[in-house]
Amino acid sequence: MRERAFDLALWLLLCVPVLLRSDPNDGGSWTEVAVGVALLGGCVAVSRRWPPVPIAVMVAVSLSSTLELFTASYTLALVAFGYLAGRRQERTRAALWLFGAVAVAGLLLTTVTHTSLGQWFTLLLTLALAVVAPWLIGRYVRQYDRLVRSGWELADRMEREQEAVADRERLRERSRIAGDMHDSLGHDLALIAVRAGALEVDPGLGPAQQHAAGELRRAAADATARLRDIIGVLREDDAGAPTTPAGETVEELAARARASGLDVTLAPTPVPTLPGMSGLALHRVVQEGLTNAAKHAPGAAVAVSVAPDPASVRVRVVSGPGAAEAPLPSGGTGLVGLDERVRLAGGALTHRVTGDGGFVLEAVLPRNPPAPLPAAPTSARELDRARREVRKGLARAIWIPLALLVALGLLMAGVALWTQHQSYLEPEDYGRMRVGQSLAELSEDLPAHPLDGPPQRTPAEPRGMDECRYYRSTMLAAIPVYRLCFVDGHLAGKAEVP
């Protein structure tokens with residue numbers, strides 16, 4: 001309904017110049033009024049679906065009245081339809097082709113009707129100011145509206161993304177908690193199983209106590225297996241590595257494992273301290289190596305070495321025979337999480353089986369890992385791109401009409417100089433001309449084209465002459481001019497007239 005009301009108001013507004021200028025009292029006719037009103041109504045009706053069509057129709061009607069394209073009845077319609085075409089049209093190719101076709105058609109009409117090029121220049125000027133400039137302004141307004149609409153859409157999308165990020169962070173924190181349960185609680189359960197195994201074979205205990213220790217060892221092993229299964233379900237494949245640090249140092253971790261019955265050697269001591277994620281990753285590498293050795297090779301020796309250099313620290317955990325089975329029962333969940341943690345710290349993790357059935361876990365950690373730069377949100381990039389497009393549209397709306405006017409002015413100046421040169425008679429050639437010479441004798445000295453007529457306020461032509469021709473005496477000034485008069489094809493008089 002709003003669109004129909006707008007179209008009706010536009011039609012009534014555009015009909016006002018037609019009614020005023022085509023009225024019979026102003027030299028027009030009611031037929032012209034009826035035709036103009038009907039054409040404007042049809043153009044308004046199709047302007048939404050085919051925006052270039054009204055421009056073409058109004059240009060055709062204007063050219064039928066004058067080759068200069070400027071008419072009091074339809075110039076307002078040209079401005080309005082040019083703006084609406086830029087405002088409503090998605091692509092610009094059709095409009096650009098139309099503008100070029102109008103310029104070419106005007107040149108052809110000027111050539112066919114043998115009129116001066118000045119009318120064609122006036123057509124180009126009218127086309128630039130009344131059609132192209134409003135069209136560019138409409139393009140700018142369209143892009144600005146798109147920017148505003150995109151801004152609201154991006155704001156709404158960012159709100160939804162913030163809610164999604166909050167939910168994702170809650171899930172990620174739960175995954176971190178699950179990872180810490182696997183890393184720390186699994187380690188403790190493994191040590192409990194080791195101590196219970198040592199009590200089970202202790203000859204100083206009775207059968208009942210040994211049986212209870214065996215049940216404790218099996219319960220700890222079952223609890224570790226169930227914990228592994230639960231954590232395997234809770235932890236997603238793409239979950240980040242846990243970042244919650246253990247409260248103990250590497251020396252305390254090795255001492256606690258040694259007190260649990262593991263044969264652990266640590267060199268050198270004290271272990272070099274690493275800042276941030278590198279220090280947490282160092283602790284986790286040693287913890288994972290000791291946990292695997294405690295679960296799968298409780299009687300084997302474990303050697304932990306930390307080799308620092310100026311740029312990085314290399315930590316190496318070597319377990320004895322039997323530890324090579326470590327990744328298999330756990331499904332590699334601990335090693336996958338450990339690899340992610342080391343990667344986030346800027347390091348690299350490797351593990352392999354030794355020739356005697358042992359297992360080597362090795363990591364290289366940087367002393368000063370680079371802080372990752374946050375990536376620009378997609379919405380911010382889209383908004384910045386939309387702003388650049390609007391700025392470009394504004395520049396086009398301002399500079400293109402100015403460039404067209406400058407180019408048109410230069411072209412008009414060039415054509416004017418060329419036209420003046422075609423009618424310029426050299427003073428030396430004028431001085432050599434003698435009364436009585438024929439046109440054939442003077443043809444070599446005469447310019448290609450004389451002026452269209454005498455300049456204003458020139459003296460009257462001498463009587464009895466068949467023809468008088470006027471030529472420029474200077475290139476830039478309109479006066480004075482040379483007047484050559486002929487009788488029977490011979491020069492009968494010449495003069496320089498102001």
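Scroll up a little and you will see the structure.
Fair warning: this is a prediction, and the values are worked out from it, not measured in the lab. (Residues numbered from 1 in each chain as written. Predicted model: local features only at pLDDT ≥ 70, side-chain atom pairs only at ≥ 80, totals over all residues. Heavy atoms only, no water.)

Caption draft 1: Local environment of the overall build of the protein chain. Looking only at helices and strands, the protein chain features 14 helices and 8 strands. Here the protein chain holds 498 residues, and 38% of them are scored as buried. A total of about 27700 Å² of accessible surface is found on the protein chain, and carbon and sulfur atoms cover 61% of it. (Helix = DSSP H or I, 4+ residues; strand = E, 2+ residues; numbered from the N terminus. Buried < 20%, exposed > 50% of the residue type's maximum accessible area, 1.4 Å probe, protein only. Areas by Shrake-Rupley, 256 points an atom, 1.4 Å probe, with all protein chains shown as cover.)

Caption draft 2: Inspection of the nonpolar core at higher detail. Within the largest apolar cluster, 37 residues are counted, with the highest numbers of intra-cluster contacts made by Leu14, Leu40, Met58 and Phe81. Taken together, the elements giving at least two residues each to this core come down to α1 (2-21), α2 (30-46), α3 (52-65), α4 (75-88), α5 (93-112) and α6 (117-200). Top element by residues in this core is α6. It accounts for 10 residues. Excluding anything up to four places from it in sequence, Leu14 contacts Leu40, Val44, Leu76, Ala77, Ala80 and Phe81. Judged by nonpolar contacts, the second largest core, of 34 residues, contains Ala254, Leu266, Leu290 and Val315. (Core = buried A, V, L, I, M, F, W, Y, C linked by side-chain atoms within 4.5 Å. Contact = heavy atoms within 4.5 Å.)

Caption draft 3: Up close: the sheet that holds strand β3 (residues 312-319). A sheet is described by the order of its strands in space; here 5 strands give the open sequence β1-β2-β3-β5-β4, paired in mixed fashion. Only two strands of the sheet have a single neighbouring strand rather than two, namely β1 (263-267) and β4 (348-353). Taken over all neighbouring pairs, the strand axes of this sheet differ in orientation by 10° on average, direction set aside. Pairing of β4 with strand β5 (residues 359-366) involves 6 bridges; the strand directions are antiparallel. Across the sheet, residue Ala348 finds its bridge partner in β5, namely Val364. (Pairing = 2+ DSSP bridges. Axes fitted to C-alpha atoms, helices over the stretch in contact; angles between N-to-C directions.)

Caption draft 4: Representation of α2 in the model. Here α2 spans 25 Å end to end across 17 residues, near enough to the 24 Å set by a 1.5 Å rise per residue. Turning to α2, its buried residues are Val33, Gly36, Val37, Leu40, Cys43 and Val44. Projected down its long axis, α2 carries its buried residues within an arc of 130°, all on one side. When the buried face of α2 is taken as reference, the exposed residues oriented beyond 90 degrees from it are Thr31, Ala38 and Ala45. (Expected span 1.5 Å × (residues − 1). Arc of directions from axis to C-beta.)

Caption draft 5: The arrangement of empty space enclosed by the protein in detail. Counted by the stated rule, this structure contains 2 cavities of 30 Å³ or more. Of the pockets and cavities examined, the second largest cavity occupies roughly 30 Å³. What lines the second largest cavity is simply Gly289, Asn292, Val317, Ser319, Phe359 and Leu361. Mapped by element, the contributors of at least two residues to the lining of the second largest cavity are α9 (276-296), β3 and β5. Among the residues making up the lining of the second largest cavity, the classes are represented as 3 nonpolar, 3 polar and no charged. (1 Å grid on protein atoms, 1.4 Å probe; cavity = no way out; pocket = protein on both sides within 12 Å on 5 of 7 lines; lining within 4 Å. Points joined across faces, edges and corners; volume = space filled by probe spheres on them. Nonpolar A, V, L, I, M, F, W, Y, C, P; charged D, E, K, R; others polar.)

Caption draft 6: Expanded view of the packing of aromatic side chains. Overall, the coordinates contain 4 aromatic pairs when judged by the stated rule. On the numbers, 5.5 Å between centres and 80° between planes, the contact of Phe99 with Trp135 is edge-to-face. You can see Phe99 sitting in helix α5 and its partner Trp135 sitting in helix α6, a full 36 residues away along the chain. Trp135 shares its class with Phe99; the two are buried. Judged by centre distance (5.6 Å) and plane angle (45°), the ring pair of Trp120 and Phe121 falls under tilted. (Phe/Tyr/Trp six-rings, centres within 6.5 Å; stacked < 30°, edge-to-face > 60°.)

Caption draft 7: Examining the pairing of strand β2 (residues 301-308) more closely. Inspection of the sheet shows β1 paired to β2 by 5 bridges, in the parallel sense. Residue pairing across strands places Asp263 opposite Ala301, the latter belonging to β2. With α9 bridging β1 and its parallel neighbour β2, the resulting β-α-β unit is left-handed. The sheet contact formed by β2 and β3 spans 7 bridges and is antiparallel. Its bridge partner being in β3, Ala307 is matched across the sheet by Arg314. (Right-handed = clockwise from strand over helix to strand, strands pointing away.)

Caption draft 8: Spotlight on the sheet that holds strand β6 (residues 467-472). In spatial order, the strands read β6-β7-β8; together these 3 strands make up an open sheet with antiparallel pairing. Taken across any chain shown, the strands that pair with only one partner, and hence form the sheet edges, are β6 and β8 (490-497). Between one strand and the next, the sheet's axes are offset by a mean angle of 20°, whatever the strand orientation. Direction of pairing for strand β7 (residues 481-487) relative to β8: antiparallel, over a ladder of 7 bridges. What sits directly across from Val487, in β8, is His490.

Caption draft 9: Region of interest: the packing of α3 against α4. Running from amino to carboxyl end, α3 crosses α4 at an angle of 160°, the nearest separation of the two axes being 9 Å. Judged by the inter-axis angle, α3 sits roughly antiparallel to α4. For the pair α3 and α4, the crossing hand works out as left-handed. Across the interface between the two elements, Pro54, Ile55, Met58, Val59 and Ser62 of α3 pack against Ala77, Leu78, Phe81, Gly82 and Ala85 of α4. Per-class residue counts for the contact of α3 with α4 are 8 nonpolar, 2 polar and no charged. (Parallel < 35°, antiparallel > 145°, perpendicular 65-115°, else oblique. Left-handed = near helix turned anticlockwise from the far one by under 90°.)

Caption draft 10: Summary view of the environment of Glu362. Of note, Glu362 is situated in strand β5. Residue class for Glu362 comes out buried when judged on its relative accessible area of 10%. With 57 residues separating them in the primary sequence, Glu362 and Ser305 have C-alpha atoms 9.6 Å apart. Residues within four places of Glu362 in sequence aside, it is in contact with Arg314, Val315, Arg316, Ala348, Leu349, Thr350 and Arg352. Of the polar contacts made by the side chain of Glu362, one reaches the side chain of Arg316; its length is 3.4 Å. (Polar contact = N/O pair within 3.5 Å; in protein donor to acceptor, adjacent residues only side chain to side chain.)

Caption draft 11: View of the environment of Ala221. Structurally, Ala221 is set in helix α7 (residues 207-234). With 28 residues separating them in the primary sequence, Ala221 and Ala193 have C-alpha atoms 6.4 Å apart.

Caption draft 12: Local environment of unusual backbone geometry. Residue Pro268 is reached from Ala267 by a cis peptide bond, and omega for that bond is -10°. Mapped onto the elements of the fold, Pro268 is located in the loop between β1 and α9. In this structure, Leu69 is a non-glycine residue whose phi angle is positive, near 75°. In this fold, Leu69 is placed in the loop between α3 and α4. Unusually for a residue other than glycine, Asp488 sits at a positive phi of about 55°. Turning to its location among the elements, Asp488 is positioned in the loop between β7 and β8. For Asp488, a relative accessible area of 65% gives the class exposed.

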